[in-house]
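# Examination of the molecular architecture
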Amino acid sequence: MLTTGPVPVYPEVLKALGSPVLYDYHPTFRQFYADVIEKLRVAFRSSIAPVIMQGEAILGIEAAAAALIGGNDVVLNLVSGVYGKGFESWAGRYGKEVVELAVPFDEIIDPQAVREALHRRPDISVVSLCHHDTPSGTLNPLNEIGATVAEHGAYLIVDAVSSFGGLDAHPQAAHVDIFITSPSKCLGSTPGLSLISVSERGWEKIERNADAPRGSFLSLAAWKDASIPGRTFPVTPSIAEIYALDAALDRYALEGPENVWARHAETAAIARAGLLELGVTLWPKREAWCAPTATAFKIPGGYTDVELRDRLLNEHGILLSLGRGDTTGKVLRIAHMGASAEPEFARKTITALSSILSRSTD
Ligand SMILES: *Cc1c(COP(=O)(O)O)cnc(C)c1O
């Protein structure tokens, strides 16, 4: 299952899912939850306690828009793919105006273009970016864009769902005000949670925003400090998924983040080199723009995406992801996320593709 999420979970995660489900106010669970928040804070390399929302990462992204974007905000939405474009509907729902800076979905956002957009519209107060727009397999320059936005003074919301844990991407290093990720991509755990880091000034803006949801499942503010034993949870946490996340964070720390990132990068490099050797074209216009956590390639002639996907699955037992939105029908994607980021899996995929493609030219 070399899919772009959910991914095959690590064995430690699977084992943790079998732990007894405790009452959420059981003192043991309260302490456990506080410990998981602390482990996540360390993984995020942040000085501020993160929050966990109880729903797959789209919940966290929508909640971030609802919490941070107020009726006076002008939002610069950076669009290099399907997820970046999708943020527009939430930004538009909560903000005064959405300004779009878009590139074709096989390119990445240029920090200089962001600087110019901010210069043209000094009233832009919030910027949103999808770090790795998974349906395109392209990686945007997060740290450079973050520095540019910080210089301007705007707030920055980043969807790091399919990048965090697979490469060096952290909220404070990139000046991000709300950074959202999921356990079900590079951390190699289950879908069902949103992992969110909010900056100090981000929390202040949320508290000032009278329109930010309160008393709602969409309320990010409701989860602030919920990990402190003695506080109440806004809703019952997904107990088993918290166990799974704990195991995934332990595994990440034990292997060492730098080693995990190197494993992702090496796997992706093998996949790209193998595809190019087969004469298959990468979807991103430049190889340097390819994400180390997913490799998107164009469908070789004579096949549809579904035909090639099905042959890989039925004849070789390898499942890749199709494109999504505007990349549907144009690409197949090999994910390198968590347990699937193994050089051996990239090699097997290339061998399988090679056998299918060579037979079709006979
Ligand atoms: C997987 C993913 C999400 C979460 O989307 P789901 O549909 O909930 O899986 C958000 N952003 C990106 C970039 C993703 O890859």
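First things first, this report covers the structure right here in the doc.

Here we take up the sheet that holds strand β3 (residues 97–102). Read across the sheet, 7 strands follow the order β1-β9-β8-β7-β4-β2-β3 without closing on themselves; strand pairing throughout is mixed. The sheet is open, and its two borders are formed by β1 (51–53) and β3, each paired with just one other strand. With direction set aside, neighbouring strand axes in the sheet form an average angle of 20°. Where strand β2 (residues 74–79) meets strand β4 (residues 124–130), 4 bridges bridge the pair, whose relative direction is parallel. Following the sheet pairing, valine 75 is matched in β4 by valine 126.

With that settled, the discussion passes to helix α7 (residues 200–208). Every buried residue of α7 is accounted for by Gly202, Trp203, Lys205 and Ile206. In an axial view of α7, the angular spread of the buried residues amounts to 160°, which keeps them on one side of the axis. Counted as exposed and oriented over 90 degrees from the buried face of α7: Glu200, Glu207 and Arg208. Each element contacted by the buried residues of α7 is listed here: β1, α3 (58–68), β4, β7 (155–159), β8 (178–181) and β9 (194–198).

A separate point is the side chain of histidine 264. Residue position: histidine 264 is located in helix α9 (residues 257–277). Filtering out sequence-adjacent residues up to four positions away, histidine 264 remains in contact with Gly165, Gly166, Cys186, Pro292, Thr293, His336, Met337, Gly338 and Ala341.

This part takes up the packing of aromatic side chains. Inspection of the entire model under this criterion finds 14 aromatic pairs. Each ring, one from phenylalanine 164 and one from phenylalanine 179, has its centre 6.0 Å from the other, and the planes form 85°; the classification is edge-to-face. Of this pair, phenylalanine 164 sits in the loop between β7 and β8 while phenylalanine 179 sits in strand β8, and the two are 15 residues apart along the sequence. The class for phenylalanine 164 is buried, based on a relative accessible area of 0%. Under the relative-accessibility criterion, phenylalanine 179 is labelled buried at 0%. In this structure an aromatic cluster arises from ring pairing among Tyr23, Tyr25, Phe29, Phe32, Tyr33, Trp223, Phe233 and Tyr243. Taking the ring centre of phenylalanine 233 as reference, the NZ or CZ of arginine 30 above it sits at 4.1 Å.

Attention shifts here to the pattern of salt bridges. Under the criterion given, the structure shown has 22 salt bridges. For glutamate 12, the salt bridge goes to arginine 251, with nearest N and O atoms at 3.4 Å. Highlighted residues: glutamate 12 in helix α1 (residues 11–16) and arginine 251 in helix α8 (residues 239–255), separated in sequence by 239 residues. When its relative accessible area of 21% is taken as the criterion, arginine 251 is described as partly exposed. With a shortest N-O distance of 2.8 Å, aspartate 310 and arginine 309 are connected by a salt bridge. Several salt bridges share partner residues, and in doing so they unite Glu12, Arg251, Glu255 and Arg263 into one network.

It is worth spelling out α9 at this point. Along its 21 residues, α9 runs 30 Å from first to last C-alpha, staying within 8% of the 30 Å computed at 1.5 Å per residue. Those residues of α9 not exposed but buried are Pro257, Val260, Trp261, Arg263, His264, Thr267, Ala268, Ala271, Arg272, Gly274 and Leu275. Buried residues along α9 cover an arc of 165° about the axis, so they all sit on one side. Positive phi appears at glycine 279, one or two residues downstream of α9, with a value of about 80°.

Turning our eyes to something else, we now look at the packing of helix α2 (residues 27–44) against α8. Close contact between α2 and α8 brings their axes to 10 Å; oriented N to C, the two are set at 40°. For the element pair α2 / α8, the angle class is oblique. Seen from above, α2 lies across α8 with left-handed handedness. In this structure, α2 uses Phe29, Phe32, Tyr33, Val36, Lys39, Leu40 and Ala43 to contact α8, whose residues at the interface are Ile239, Ile242, Tyr243, Leu245, Asp246, Leu249, Asp250 and Tyr252. In terms of residue class, the contact of α2 with α8 is made up of 12 nonpolar, no polar and 3 charged.

Parameters and conventions
Residues numbered from 1 in each chain as written. Predicted model: local features only at pLDDT ≥ 70, side-chain atom pairs only at ≥ 80, totals over all residues. Heavy atoms only, no water. Pairing = 2+ DSSP bridges. Helix = DSSP H or I, 4+ residues; strand = E, 2+ residues; numbered from the N terminus. Axes fitted to C-alpha atoms, helices over the stretch in contact; angles between N-to-C directions. Buried < 20%, exposed > 50% of the residue type's maximum accessible area, 1.4 Å probe, protein only. Arc of directions from axis to C-beta. Contact = heavy atoms within 4.5 Å. Phe/Tyr/Trp six-rings, centres within 6.5 Å; stacked < 30°, edge-to-face > 60°. Lys NZ or Arg CZ within 6 Å of the ring centre and 35° of its normal. Salt bridge = Lys/Arg side-chain N within 4 Å of Asp/Glu carboxyl O. Expected span 1.5 Å × (residues − 1). Parallel < 35°, antiparallel > 145°, perpendicular 65-115°, else oblique. Left-handed = near helix turned anticlockwise from the far one by under 90°. Nonpolar A, V, L, I, M, F, W, Y, C, P; charged D, E, K, R; others polar.

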